[in-house]
Each structure stands twice: as structure tokens, then as C-alpha cells.
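# Understanding the architecture of this molecule
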Amino acid sequence: MNSSLILSVTTFVYGAAAFFYIAAWIFNVKSAEKAATWTLILGIFGNTIGLLFRWKESYDLGIGHAPLSNLYESLVFFALVIALVYLVLEKKYSIKTIGAFATPLAFFSMAYASLSPKIGETIQPLMPALKSNWLIAHVVTCFIGYAAFALAFGIGLMFMMASWGNDSKTGLLSRLPEKSIMDELMHKMVMFGFLFLTGGIITGAVWANSAWGRYWGWDPKETWSLITWFVYATLLHVRFMKDWRGKRIAVFTVIGFAAVLFTYFGVNYLPGLHSYGS
Amino acid sequence: MSTSQKPSKNLVWQLFISVKFTVIVLILLAITSAAGTIIPQNGDPQQYIEMYGTFGSSLIQVFDLFDMYHSWWFRSLMGLLTINIIICTIDRWPATWRIITSKKFNPEQLLTKKPYKDFKDERTPVDLKPLYTSFMKKQYTVKGVHTLQNGFRVYGEKGRWSKLGVPVVHMSIVLILIGALVGSFWGFDGYVNVPEGGSADRIRLRNSNKIMELGFKVACKDFNIEYYESGAVKEYRSALQILKNDKVLLEKDIIVNDPLKFNGIRFFQSSYGALPPENIEIKIVSKDSQEPSIYKTKIGETIQLPGNSGELTITRFNKDYHFKKVELGQAIEGELRLNDKDPVKIVLPYKYPTFDKMRKGQWIISLEEYDNKFYTGLQVRRDPGIFLVYLGFILILGGCWVIFFSSHQKILLEVTTVAEISQTKIFGSTTRNKMDFKQRIEKMANELKLL
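Residues numbered from 1 in each chain as written. Chains lettered and ligands numbered in written order. Predicted model: local features only at pLDDT ≥ 70, side-chain atom pairs only at ≥ 80, totals over all residues. Heavy atoms only, no water.

What follows deals with the pattern of salt bridges. By the definition in use, this model includes 32 salt bridges over all chains. One salt bridge in this structure joins D436 of chain B and K188 of chain A, with 2.5 Å as the shortest N-O distance. With D436 of chain B in helix α9 (residues 434-450) and K188 of chain A in helix α6 (residues 179-212), the pair connects residues from two separate chains. In this structure D436 of chain B comes out as partly exposed when scored by relative accessible area, which is 21%. Assessed through its relative accessible area of 12%, K188 of chain A is described here as buried. A salt bridge links D189 of chain B to R206 of chain B, with the shortest nitrogen-to-oxygen separation between them at 3.6 Å. Taken as a pair, D189 of chain B in strand β4 (residues 188-195) and R206 of chain B in the loop between β5 (199-205) and β6 (211-227) lie far apart in primary sequence, 17 residues in all. (Salt bridge = Lys/Arg side-chain N within 4 Å of Asp/Glu carboxyl O. Helix = DSSP H or I, 4+ residues; strand = E, 2+ residues; numbered from the N terminus. Buried < 20%, exposed > 50% of the residue type's maximum accessible area, 1.4 Å probe, protein only.)

So this is what it looks like as C-alpha cells:
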């Protein structure tokens, strides 16, 4: 048993969970809902074990470090956090239709990590700049933030479907949660994500200060994380102060998530210090 | 105060407290910041002309787009955001403070809305009153217990101080910006290359390119690169000493992520490089006789070739020689002057001793040996604003936590008897997180039933 195998299998487990959630929503089958949750839990279990194995394997290779050091590992971790945050949401509010929009995101992240030929799976030794206790704090806070924004985006999509979709035949949209609930959950996820994005930027700044002696240097990754922060700060202000709700906030979650994705992937195409993300 | 001044002052004030203004500034900051990640910053002027043409690059010059994060207009945008934040905080402070310090609690206001929850209980109001009161006291600040004709009311609140979250977050942003300003005025950012076994007492500043005296010496006893088996770099390590009047005050090995600190000045491992060698050994072989001769020399010195056929001057050390775009590494360059011939430039890469053969000359010259020493490149920084920045970091996280996860909540429990059965109603209000509040009240109802 090695981590690669476990994580490859986990990709399919997440795929199955996504399938069950979507099936439960489209065909309105209660039994599929149950299967979906248990499959997701299995996926989270596999994802966690896979990461832990990878951690151990890096020590066996004599280059031990937390499995959060390159694009492959971050995608696997991203999938885990999306799945976990969604599961907490499901337990807390018992709304399973969100799963049809959230678990595919975890699946995509894993599938991209496992299947893209551009992403190396081999465990690499840490380069000197990454050797720091801040690595774990920085990556974990950032990805909790990203995952919350991913969920806000998923709920935002649901909201837009409910607002602009035509539901005369299928009844699909009537099985989505009430708009006021989606609105509140979207907002909640954005606030949660914003707190962790702020934490991620701050841990990054403190780390940069200990590695290079400056907490801010307008490196493209730093700049884009700040742009993302500006976008969500704008969302929070129009919500708190102008009482923007529903559709407009849903559109914002899409723009915000686009900024997140650019901060995550797009920046690798720009020159800068964070190029070990590629 | 004259009345004619008032409206204009109000207009500016109104502008700065409008959310529209904030949103526009935030969006402008986002867009311009993004532009700065696409246009290369602090690049070569030639590069801009190649990329954007003469007109485009002159536009870039005019608007400082090559260093836009430090341009007057980007700083002005940040300034506007700061003023906006400060004015909004001042504008709202009296109301915020009133809510935080107010002792008033109007139960009637809660009663105007529908109760969140109501349920029946077998027990009488007299039995329930002490139970409910002590229950409320555990979770809320109880503001009153009223006896009604056929029952009672108990009400309380919590989280009044959560109103502080917003001003704390906004002021911490200002604090971070002030910290950055303090750092840029009273701090410095420089670099120095210290040769192995050598020392330096002055650094070059990055912004002004000026030399700055440190007032002490920083010495590098040793520089080392450690590699992984794969050949990737594992660690850069410089053994540093701080010296004053030849006395060692501090000694530390620095690596990336672990700088040396002295007198508020920090020394970071940032680069390294090869030093020009002091002693060089050159091998010269005659094409005809294959007879090698070895010469010990230095940069700038001249060697007489065998049989007085000419001379060779060692001109310079090239630490990164490229031949037709292929990297050949460290090399020695020289000028060869054979009798009756024009001087030729020769290059002797250490790793490729047969390189000079390609010249097809009378003599085949190669670099036999040289002392390969390094210098360590240190980033030298002082930032007296860092304390403010870090304080801002802590406050902004705490403030966001309070804004997002706490709220000012009011709860009123009303018990009345209708036909010998107690009827409990839970009224309430919250400033944020309505869904969680509802869940909380559901839970509370279950707990009250079990008391």
C-alpha cells in the first residue's frame, strides 16, 4: 500500500460520492442521499490516510516534510478541506442538495492532481525557502479559506439556477433549499473564507518576514491574494452596508472564486517567488 | 462657524462615508494591482520598448507603471482608502459606543415580533420561574424578571461588545499601513556580499543605491551549500560573526528562514556567488610536441609563452560563461598575443579543458586549477514598524472573528398559564447569523423542557 494508490482510489470514491449526490438531487431518491454521505465519509477517510501515508513516505525517503509542498499535494489537500467543510455544513444544516455542487469540486481537485500529466506526483525534497514551521500554518489557513470560497461558489451556482432557471417540468429547482437559506449559507461561507484568507495572507506575511526580511513585496501571488481579499471585502461591504442579497451576492461568489483560482493557478504563469507552486 | 462652510464640509464628509466610495476605491485597487502583476515591475527600459512599443512604454514611464506599487497614484489610492476607513470609523463611533455602553433594554420591542418558538409544559409558572431564571443567568446577562398576572417574563442579552469588531478591524488596517509607513521612513533595506573569510562594515541600500555604514563589522567565516541526493539544493548556510573593535559580539550560522539579528538589524541569507580566484594555474601544451607546461599566475598578470613565441595576459574571471547559449560555467578569460599576429581573446572554462583546442592554434591552453571561493549575499534590513504591523495582524484576525462569529443577541422567555397548562414563548433578536440563532433557540427549547 502506498499513498499514490490510496489517493488514486480516493479520486474515484469522491467521483462516486458526487454521482450519488447529483443522482439524489435529480431523481429525488432518498436512499442515494444516504449512500452519498457514507461514500463522502469514505472518501475523506481515504484522503486523510493517503496524505498521512505520504507524510510518512517522505520520512522513509529521508526528506521528511508535511505533504503540503507542491501543486499535487496542495490539490489533494484542497479536496480534503472542501469535503470536510461540506460535511460539517451537511451535518449542521441537513441540506444534502449542496452536496451535488460541492463534492464535484473535491472530485475535480483530486482528479486534476491525479490525472494531469503536468503535475508531478513524486515526493520532492523541500527547497531551502520552504523549510519553515510556517509552511503548515500558511498552507492550511489558505486552503481552508479557498475551500470555504469554493463552497460559497457552489451555493452561488445553486442560487443562480434557482433564480434564472425554468422549473416547469423537472421539479429539480424546487428541491433546492429555500433561497433565504442559500443566501445565508453563501454569506456564511464567504465570512468563514474571508477570516481564513486573512489568516493565510498574514501567516504568509510573517513567514516572508522571517525568510526574506519583508512581510510584503508585491510578488504576484501576494498581490493576487490581496486582490481576492479586496473582492470579498467588497462583497461583505455591499452586503453589510447596502443589504445586497441573493442574486447579486451569488454573482459576487463567482467573481471571487475566479480570483481565488487565479491566485492558486494563474499566478504560476507570472514570474515571481511563489513559482514552487507549479 | 460660518454657515456657508458647513455644506461643503458635509459634502466631503458625505463622500468619504459613502459605501459607494469604498467600493469604488476597493475595485480600483484590485484592478490596478492586477495590472501590476501583468506588466513586469522594475524591468529593463529596453524590455518595455520591445514589449509595448515606444508609445506604450512612454505611457508606462509617465504613470510609473514599471514600479506602480510605489507610484504616486497607487499610494494616493491607498491613502484614499485609509482616509475613508478613518472617517467612517469616526462617523460611526458615537452610535457604536452608545450601543456598547447602553444599559437600556426594551423588552416590549422583542414582544412586537413573532416568537421564535413556543411549547407547553406541565409545570406551573411558580415552579418554572427559578429554573428559567437560573438557566438564563448561565448564558446571558439577565436584564429583568417580571411577574405577570398568570406567569412571568425573564429576559437578557449577550454580545453587546461585538459591535467593537468593525472598528477594530478597520483600525487594524490603518495600524498596518502606519507600520508600513514607519518602516519605510525609519527602516532600511540593503545588501552586502561578504567573501568567505572576509568581512564588511558597509552595505548598499536598495532604493537609493547609496552606501551605508553599519557601525560594526559582519564577517563570514564560512559559506556552504548542502545538496540532496537528487542534486537539488538542501541548504545554504553562512557562518556569520558580528565584530566591533575586533571583538566578537555575536556568532551565528544563518540559513534561509533563520536570519541573524543584531541591534534591530537582521541579516538574511539571500544569494551567493563565486569570487574571482586569487591563484590560477594555467596549462599550455604545444600542438606539435604535446609537451605540457604549467604556469602559476594571477588575474592581470602576463605569462611569457615557451620559446618566446608570444605572451598571454589573464584579463578576468567569468563566473558564468555562455558559448552559443550553452552554459559552460566558470571560466578565465585572457588575451593571447603571438609574435607577428593580432591579439586574440581566449576563454578557458574550467569544466571543459579541451575548449581552447577549437581555436586550432599553435598552443592549446587550459585552466588547470584555481582557488574556488564563494561570497555570501546578505540581505540587510531594519524595520522599526514591524511591531505595529504585527499588532495590526492580531487585531484584524480577532476583529474578523468577532464580526463573523459573534452577535448581539437578546432573548426573552415568557411563561403564561392557559387552562392550567404553562405556555412558554421564546422571543429574541440577533444582529447577525439568523440561522444559527434559530438553531440555538431550538436547542434552548429542548433544554428548557428538560430542566
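All names here are of chain A. The N-to-C vectors of helix α4 (residues 99-115) and helix α5 (residues 134-164) enclose an angle of 140 degrees; their axes lie 9 Å apart at closest approach. Here α4 is positioned oblique relative to α5, judged by the angle of their axes. Along this stretch, α4 crosses α5, giving a crossing that reads as right-handed. Facing α4, whose interface residues are F101, A102 and L105, α5 presents A150, L151, F153, G154, L157, M158 and M161. (Axes fitted to C-alpha atoms, helices over the stretch in contact; angles between N-to-C directions. Parallel < 35°, antiparallel > 145°, perpendicular 65-115°, else oblique. Left-handed = near helix turned anticlockwise from the far one by under 90°. Contact = heavy atoms within 4.5 Å.)

Quick look at the sheet that holds strand β17 (residues 363-370) of chain B now. Residue and element names in this part refer to chain B. Ordered in space as β12-β11-β17, the three strands form an open sheet in which the pairing is antiparallel. A single partner strand is all that each edge strand has here, and the edge strands are β12 (292-297) and β17. Taken pair by pair, the neighbouring strands of this sheet meet at an average axis angle of 25 degrees, ignoring direction. Strand direction decides the pairing type here: strand β11 (residues 280-286) and β17, joined by seven bridges, are antiparallel. Note on β17: the bridge partner recorded for V285 is I364. (Pairing = 2+ DSSP bridges.)

Residues and elements named next belong to chain A. One can read the domain layout of chain A as domain 1 (1-80 + 94-126) and domain 2 (127-278). If you average the C-alpha positions of domain 1 and of domain 2, the two centres end up 20 Å apart. Contact residues are listed per partner, giving 23 residues for domain 1 and 30 residues for domain 2. With both sides pooled, the region where domain 1 packs onto domain 2 buries about 2,300 Å², and carbon together with sulfur makes up 79% of that total. For the pair domain 1 and domain 2, the interface holds zero salt bridges. (Domains from an automatic or database assignment. Buried area = accessible area lost by both parts, 1.4 Å probe.)

Here we take up helix α6 (residues 125-139) of chain B. An α-helical turn contains 3.6 residues, so a residue and the one three or four places further along point in the same direction. Residue and element names in this part refer to chain B. Helix length check: α6 (15 residues) gives 21 Å between terminal C-alpha atoms against 21 Å at 1.5 Å per residue, within 8%. Those residues of α6 lying buried are P125, L128, Y132, T133, F135 and M136. Projected down its long axis, α6 carries its buried residues within an arc of 165 degrees, all on one side. In α6, the exposed residues that point more than 90 degrees away from the buried face are V126, P130, K137 and K138. Each element contacted by the buried residues of α6 is listed here: β1 (117-121), β2 (141-148), β3 (151-158), β19 (409-418), β20 (421-430) and α9. (Expected span 1.5 Å × (residues − 1). Arc of directions from axis to C-beta.)

Here the focus is the sheet that holds strand β16 (residues 344-349) of chain B. Residues and elements named next belong to chain B. A sheet is described by the order of its strands in space; here four strands give the open sequence β13-β14-β15-β16, paired in antiparallel fashion. If you trace the sheet from one side to the other, it starts and ends with β13 (302-304) and β16, each paired once. Averaged over all pairs of adjacent strands, the angle between their axes in this sheet comes to 35 degrees, without regard to strand direction. Where strand β14 (residues 310-323) and strand β15 (residues 326-338) come together, eleven bridges link them in antiparallel fashion. Residue pairing for β15: L312 is matched across the bridge by L336.

Spanning 31 residues, α5 of chain A covers 44 Å between terminal C-alpha atoms, matching the ideal 45 Å at 1.5 Å per step. The element α5 of chain A is largely enclosed, with a buried count of 23 among its 31 residues.

Turning our eyes to something else, we now look at unusual backbone geometry. Residues and elements named next belong to chain B. Of note in the backbone geometry, N209 takes a positive phi value of approximately 65 degrees without being a glycine. Structurally, N209 can be placed in the loop between β5 and β6. Here N209 falls in the partly exposed class, since its relative accessible area comes to 46%. In this structure, D246 is a non-glycine residue whose phi angle is positive, near 60 degrees. Considering the arrangement of structural elements, one finds D246 in the loop between β7 (233-244) and β8 (247-254).

All names here are of chain A. In this structure, L40, I98 and W229 are the most contacted members of the largest nonpolar core, which totals 131 residues. Broken down by element, this core gets its largest block of residues, 17 residues, from α5. Setting aside its immediate chain neighbours within four residues, L40 contacts Y14, A17, Y21, A83, Y86, L87 and T103. (Core = buried A, V, L, I, M, F, W, Y, C linked by side-chain atoms within 4.5 Å.)

Next up on the list: the environment of I346 of chain B. Residues and elements named next belong to chain B. Counting through the fold element by element, I346 comes out in strand β16. Considering only alpha carbons, one finds I346 and I314, 32 residues apart in sequence, at a separation of 9.3 Å. Among residues more than four places away in sequence, those in contact with I346 are L312, I332, E333, G334, L336, D356, R359 and I365.

Looking now at the environment of S102 of chain B. On the secondary structure map, S102 of chain B appears in the loop between α4 (72-101) and α5 (107-111). Considering only alpha carbons, one finds S102 of chain B and R160 of chain B, 58 residues apart in sequence, at a separation of 9.0 Å.

Residue and element names in this part refer to chain B. With their axes 11 Å apart at the nearest point, α6 and α9 run at an angle of 140 degrees to one another. Judged by the inter-axis angle, α6 sits oblique to α9. The handedness of the crossing between α6 and α9 comes out as right-handed. Of the residues in α9, those in contact with Y132, F135 and Q139 of α6 are R440, M444, E447 and L448. The residue inventory of the contact of α6 with α9, partitioned by class, reads four nonpolar, one polar and two charged. (Nonpolar A, V, L, I, M, F, W, Y, C, P; charged D, E, K, R; others polar.)

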